[in-house]
Amino acid sequence: MPRIVFMNDRLVPEDEARVSVFDHGLLYGDGVFEGLRSYSGRVFRLDAHIDRLWASALAISLAIPTTKEAVAKAVNDTLAANNLSDGYVRLVVTRGAGSLGLDPNRTRNPQLIVIADTISLYPEEFYEKGLRIVTAATQRVQSAALSPRIKSLNYLNNIMAKLEGLQAGCVEALMLNHKGEVAECTGDNVFIVRSGRLLTPPPEAGILEGITRNAVMELAHAAGIECRETPLTRYDVYTADECFLTGTAAEVIPVVDVDGRRIGTGTPGPVTSRLKADFHRLVRA
Ligand code: PXG
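Keep in mind the model is a prediction, meaning the values are calculated, not measured.

Draft legend 1. Summary view of the sheet that holds strand β3 (residues 31-39). Ordered by their spatial adjacency, six strands build an open sheet running β2-β1-β6-β5-β3-β4, and the pairing between neighbours is antiparallel. In this open sheet, the two edge strands, each paired with only one partner strand, are β2 (10-13) and β4 (42-43). Pairing between strand β5 (residues 87-94) and strand β6 (residues 111-117): seven bridges, direction antiparallel. Each bridged residue has a counterpart across the sheet, and for Arg90 the counterpart in β6 is Ile115.

Written out as C-alpha cells, the structure is:
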C-alpha cells in the first residue's frame, strides 16, 4: 500500500510527493522539522510541536505559508488517510526551490510536507534492562554558531555523533557542549537522578527543549519529585543513582551504562521506572 503524503495543500500518493533538486532544504539543509507521535488516534502535544515548528522557522527567517490550524488539520488528515491511530508523523518545511546559491531571498515556494508512518521503537529489552551509551567526541554545535533550540533540517552535528555511538555498538550517544558540559543525546534529552532529585541540563547548555522532556518535568512535579535544570558534567552522570533519556520516538528509556561506567545498580532505578510508567499513562490517557 503506497503511503499518502500531505504536500503544501493536499494529500497525494507518495510517488507524487516530490521536491525540486533546487530546493534549499536539499541543497543546504535550509528548513525545519518536527517529529510527532499519535497514540490511539490522538497526537501527543500537537500544539506544542506546531509552536516549536513556528519558533524554529522564525529563528531561520522562514515564513511558513499557512496557519497553525491548517498544519494541525494536515497532521490529523495525514494520519487518517494512512489509517494510522498509533503512528509517527514527520512535519517538514523547506525553504523551497531557488538558485544554486545561498541567498534565501532567491527561493520561492516553501514546501510543507507531512509524512505519517508506523513507529519503530527501540527493542523492548532496552526499556526493561536499560541502554548502554557512550560520549561522542563530536561536540554539540555552539548556540552562538547555530542554536540547538532550532529543529532545523541541518542535523549533521547529531548524525556525526550518532555514527560514533553506532561504531561503539550503542543506539544513542551523549553529546557535550563546547564547555565540556553534558548537553543531550543525538535525538533525546538526558536526565539523571541524584539523591531522589531529578537533574537535567538547562536550555543554555545547548539542547533542543524536548516536548517529552517538558512532559517528564511536569510528571515529576506532580509526583512530588524535585526537578532542577542545572549544568551537568560527565562526572555527575557517572556517579548518578539513575539516568534516562526522553524523546518523542524513545519516550522514557533507562540508561544503565555510560562510557563503561555502570550507573547506579546497573538496572533501571525506581524514579526512572515511575516516570516511565507515568509517561506511558499520560500518552495513552
Ligand atoms: N534532542 C534532539 C537533538 C532531538 O532531535 C529531542 C532532543 C527530543 O525532543 P522531543 O520533543 O521529541 O521530546 C530530539 C527529538 C528520529 C527522531 O527520527 C528524533 C527526534 C524526534 C523524533 C524522531 O530519530 N528528536
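Draft legend 2. Focus on the pattern of salt bridges. In the structure shown here, the tally under the stated rule is 19 salt bridges. Residue Arg3 is joined to Asp117 by a salt bridge in which the shortest nitrogen-to-oxygen separation is 2.7 Å. Taken as a pair, Arg3 in the segment before β1 (4-7) and Asp117 in strand β6 lie far apart in primary sequence, 114 residues in all. Residue class for Arg3 comes out partly exposed when judged on its relative accessible area of 35%. Judged by its relative accessible area of 28%, Asp117 is partly exposed. For Glu251, the salt bridge goes to Arg284, with nearest N and O atoms at 3.6 Å. Within this pair, whereas Glu251 is found in strand β14 (residues 251-258), its partner Arg284 is found in the segment after α8 (270-283), the two being separated by 33 residues in sequence. One network of salt bridges, with partners in common, ties together Arg3, Glu14 and Asp117.

Draft legend 3. Just the nonpolar core, in detail. The biggest cluster of nonpolar side chains holds 24 residues, and the ones touching the most others in it are Val32, Val75 and Leu91. Where this core is concerned, the elements lending two or more residues are β3, α2 (46-59), α3 (68-81), β5 and β6. For this core, the element with the most residues is α3, which contributes five residues. Those residues in contact with Leu91 that lie beyond four places of it in its chain are Val32, Phe33, Glu34, Leu36, Leu53, Val71, Val75, Leu112, Ile113 and Val114.

Rules used throughout
Residues numbered from 1 in each chain as written. Predicted model: local features only at pLDDT ≥ 70, side-chain atom pairs only at ≥ 80, totals over all residues. Heavy atoms only, no water. Pairing = 2+ DSSP bridges. Helix = DSSP H or I, 4+ residues; strand = E, 2+ residues; numbered from the N terminus. Salt bridge = Lys/Arg side-chain N within 4 Å of Asp/Glu carboxyl O. Buried < 20%, exposed > 50% of the residue type's maximum accessible area, 1.4 Å probe, protein only. Core = buried A, V, L, I, M, F, W, Y, C linked by side-chain atoms within 4.5 Å. Contact = heavy atoms within 4.5 Å.

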